[in-house]
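Residue-level listing of the chains:
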Amino acid sequence: MSRQAPRDDIDESELRVTHPEDHAAGPTAVAVSMKRTLGAMGVRRTAESLLKLNQADGFDCQGCAWPDPAPGRRHTAEFCENGAKAVADEAMLRRADRAFWAAHPVEELRGRTDYWLGQQGRITEPMVLREGGTHYEPISWDDAFALIAEHLNGLESPDEAVFYTSGKVSNEAAFAFQLFVRAYGTNNLPDCSNMCHESTSVGLAEVIGIGKASVTLDDVHNAELLVIAGQNPGTNHPRMLSALEIAKKNGARIIAINPLKEAGLIRFKNPQTPQGVVGHGTPMADLYLQVRINGDLALFQAIASLLLEWGELDHDFIEQHTHGFEAYAEHLRALDWDLVLESSGLAREQIEEAARMIAASRKTVYCWAMGIVQHQNGVANVKEISNLAFLQGNIGKPGAGLFPVRGHSNVQGDRTMGIWEKPPAHFLDALRDEFGFEPPREHGLDAVGAVKAFRDGRAKVFFGLGGNFVTAMSDTTVTEDALRKADLTVQVSTKPNRSHVVHGRDALILPPLGRSEKDLTGGRPQRVTVEDSVCSVHASHGPLEPASAQLRSEVDIICSMAIATLGDRHSIPWTEFRDDYRQIRRRIGRMVPGCAGYEEKVDQAGGFVLPHPPRDTRTFETDVKRAVFTVSPTEVLQVPRGRLLLQTMRSQDQFNTVIYGLDDRYRGIKDGRQVVFVSPSDIEAQGLRDGQHVDIISEWEDGSTRKVERFRVVSYDTPKGCAAAYYPETNALVSLDAKAVGSNQPAYKSILVRLVPSVPDAPATGRPEGMVANESTDSGGEPKHYVAPHHLS
């Protein structure tokens, strides 16, 4: 059992590049998981937590939103390496108590990395940083809620407050949070979906009437073909590999579409099978298309044109269930193949091979993640994948469908519960009818809009329900400068993170119970619920003793804040909600679509599945009551000579902005993170060498540039003209105005950059992870408008 904090901070001079692994998981994953969990939690807590992780009578993983098998099909160890790391990270024995905060002035902490901050341990009591103060200090819960109420009730308008939600927040907390925010008087409810799958939510809603996956886990198991685009399951959704292994054993084939070769899409060694431990494991992708960054739309259109040319269509589905086919077909017949090949970076033969595999499949599941949506044309990418599914009727039948794989455990559930800056009228009507007040109707601020509002002085209070907003957002310097203008920042956080040291004039940290911990709020055992990527809702209750007796549940924090801020306004029974979460679930059951009988259904083993009209009955609640074919222009992201397209991505040792460690076995990186992966041909063309340190400079058409310093060049198998680096270190390169058309989602995956040799032995810039300020910014007012290097209509 270890309570020792990690070494002082990251020393990138210790970074080593080794041979990347050619498979995901395997016995190494087991060894790493056990070393990490035993070292952080000890033997007893490791056993108590991991044996309950993702079990029907246990708690839901804090990591990704991959669906659980039916209760009778679950393994005793129903978790992956990253799931074990997530539990260890939350249930660690180290404590960031009042002594920690007294020993470290905020100015010192500001120079630390998020990795170091997160490793200091669990926060044990509420902390406050007063205006002009140098250290966070303890504050009572009642005084913390009073301070929040003072600021909120002192604003000229409720729209001067912003209420952000992390995707780990439970359904009960999310429902209570949106109820409080709307009772207070605003729809300023940005969430982490604004940064991840917002393009999916927008695109799918427009073409099938609902922004969620149309598949079940059984559909994945029984598909004849799986197309996995812009996704790295080995790192981001490791339990997906077990489902793909089942599909492969059932005869499925897999097409992987991704710029980088990723271990999890090449081979999977299941550590729960003899073949995975001592054998060669299961080969994954039958065809691997290393598409050029932002070349996916052209690739999908080319495949669709071949299906049309070959007559490989489901004419009955198209005639009975779709709208806009003729216009789409006309667009495909005029497709410019030279443009396709330039945009995708693939040979025609490769595209034709993929099209033949799709044509031969009667049941195809299309999976995607951030590599599809975090582009300026992310919404169009989602619609193009949907077009492909419509052509062959691959929706609303077993073994087929659309599968956006969510990256955070309850991000989809939070949206179902009303966490959205653009709530539909029917949801607000139901809220009015249930609680007897008229909620605000004007749309609120999303994540990008929130940063601009603080930058421009239109927002005064930031409340973050979980997450690490400052680090997760694009344009790090602009985001940090904007949040520092706030009158009050409040962070509901289990551990220290960078959002605590980038703060308003007053700042609060409110420590909640973790999902792995027992919740006895109101003097009774409480449980919460979550929704996974396939619309399955189930209960979660932690087995561990809380890290501190002073921790409160998210529901408690929200309801207590509501009591302090609203008093008896609207006669909402906040005390009842706080003391008995069943009262919240009963209200959910009465007003949230698809949730009738919510409390009773949650009692079922494994929970229940929410209705999904396209999946269930092939009905589509779009404007035309049909699935909608969409025509999007085929374009090429032009890259000037001497420049590259950079995508940001996770390492194998992190989850979102949480850095578990400094290794990435799957890409051969050890003891460091400041690397940029570049093809050998580009290294030569740029006059660089493998292992050299470079500054990465992003360029925008408004003339501004952003820079991060001293990243080590790593020769890697990636398409010519394309590069990759880890976030959040490179989020600083992404302009706040670089966002997806239609969804306003930051475009983290297509950044025009140049690589410049670093000055030898250059001094540190004073910012963690080599970040430096914008080289070109406006002196005031609105920022320069970002115009992409190619036109998107």
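Shown above is the structure to which this text applies.
Figured I'd write up the structure that's included with this text. Treat the numbers as computed from the prediction; the structure is a model and nothing was measured.

**Side note on the pairing of strand β18 (residues 506–510)**
Regular strands have side chains that alternate between both faces of the sheet.
Right, on to step 1. In terms of burial, β18 is largely enclosed, as 5 of its 5 residues are buried.
Right, on to step 2. Side chains Asp506, Leu508 and Leu510 of β18 all project onto a buried face; the interleaved residues Ala507 and Ile509 project onto the opposite face, where all are buried too.
Right, on to step 3. Both strand β5 (residues 127–129) and β18 contribute to a ladder of 3 bridges, which runs antiparallel. Within β18, the residue paired with Leu129 across the bridge is Ala507.
Right, on to step 4. Relative to β18, strand β17 (residues 488–492) runs parallel, the two sharing 5 bridges.

**Focus: the nonpolar core**
Right, on to step 1. Residues Ile148, Phe163, Phe177, Phe180 and Leu510 are the most contacted members of the largest nonpolar core, which totals 62 residues.
Right, on to step 2. Sort the elements by how many residues they give to this core and helix α8 (residues 171–184) lands first, with 10 residues.
Right, on to step 3. Here Ile148 is in contact with Phe463, Leu488, Val490, Leu508, Leu510 and Met561, once residues within four sequence places are set aside.
Right, on to step 4. Listed in part, the 60 residues of the second largest apolar core include Ile123, Met127, Ala450 and Leu755.

**Let's talk about the sheet that holds strand β14 (residues 364–368)**
Right, on to step 1. Spatially, the 5 strands line up as an open sheet ordered β12-β9-β8-β14-β15, and their pairing is parallel. In the strand order of this sheet, the two ends are held by β12 (287–289) and β15 (401–404), each with one partner. Strand after strand, the sheet turns through a mean of 15° between neighbouring axes, direction not considered.
Right, on to step 2. Lying over the sheet, helix α20 (residues 378–391) contacts β14 and β15, oriented at roughly 175° with respect to β14.

**Quick notes on the environment of Ile751**
Right, on to step 1. Relative to the assigned elements, Ile751 resides in strand β31 (residues 751–757).
Right, on to step 2. According to the relative accessible area criterion, Ile751 is buried, its value standing at 0%.
Right, on to step 3. Here the alpha-carbon distance between Ile751 and Trp700, two residues 51 residues apart in the chain, equals 8.9 Å.
Right, on to step 4. Beyond its immediate chain neighbours, meaning those up to four positions away, Ile751 contacts Leu644, Leu645, Leu646, Thr648, Ser698, Trp700, Leu733 and Val734.

**Examining the environment of Ala302**
Right, on to step 1. In this structure, Ala302 sits in helix α14 (residues 296–310).
Right, on to step 2. Separated by 124 residues in sequence, Ala302 and His426 have C-alpha atoms that sit 39 Å apart.
Right, on to step 3. When residues no more than four places from it in sequence are discounted, the contact partners of Ala302 are Leu335, Trp337, Val340 and Ile351.

Conventions we followed
Residues numbered from 1 in each chain as written. Predicted model: local features only at pLDDT ≥ 70, side-chain atom pairs only at ≥ 80, totals over all residues. Heavy atoms only, no water. Buried < 20%, exposed > 50% of the residue type's maximum accessible area, 1.4 Å probe, protein only. Helix = DSSP H or I, 4+ residues; strand = E, 2+ residues; numbered from the N terminus. Pairing = 2+ DSSP bridges. Core = buried A, V, L, I, M, F, W, Y, C linked by side-chain atoms within 4.5 Å. Contact = heavy atoms within 4.5 Å. Axes fitted to C-alpha atoms, helices over the stretch in contact; angles between N-to-C directions.

From the geometry alone we can't say anything about function, so treat these as descriptive.
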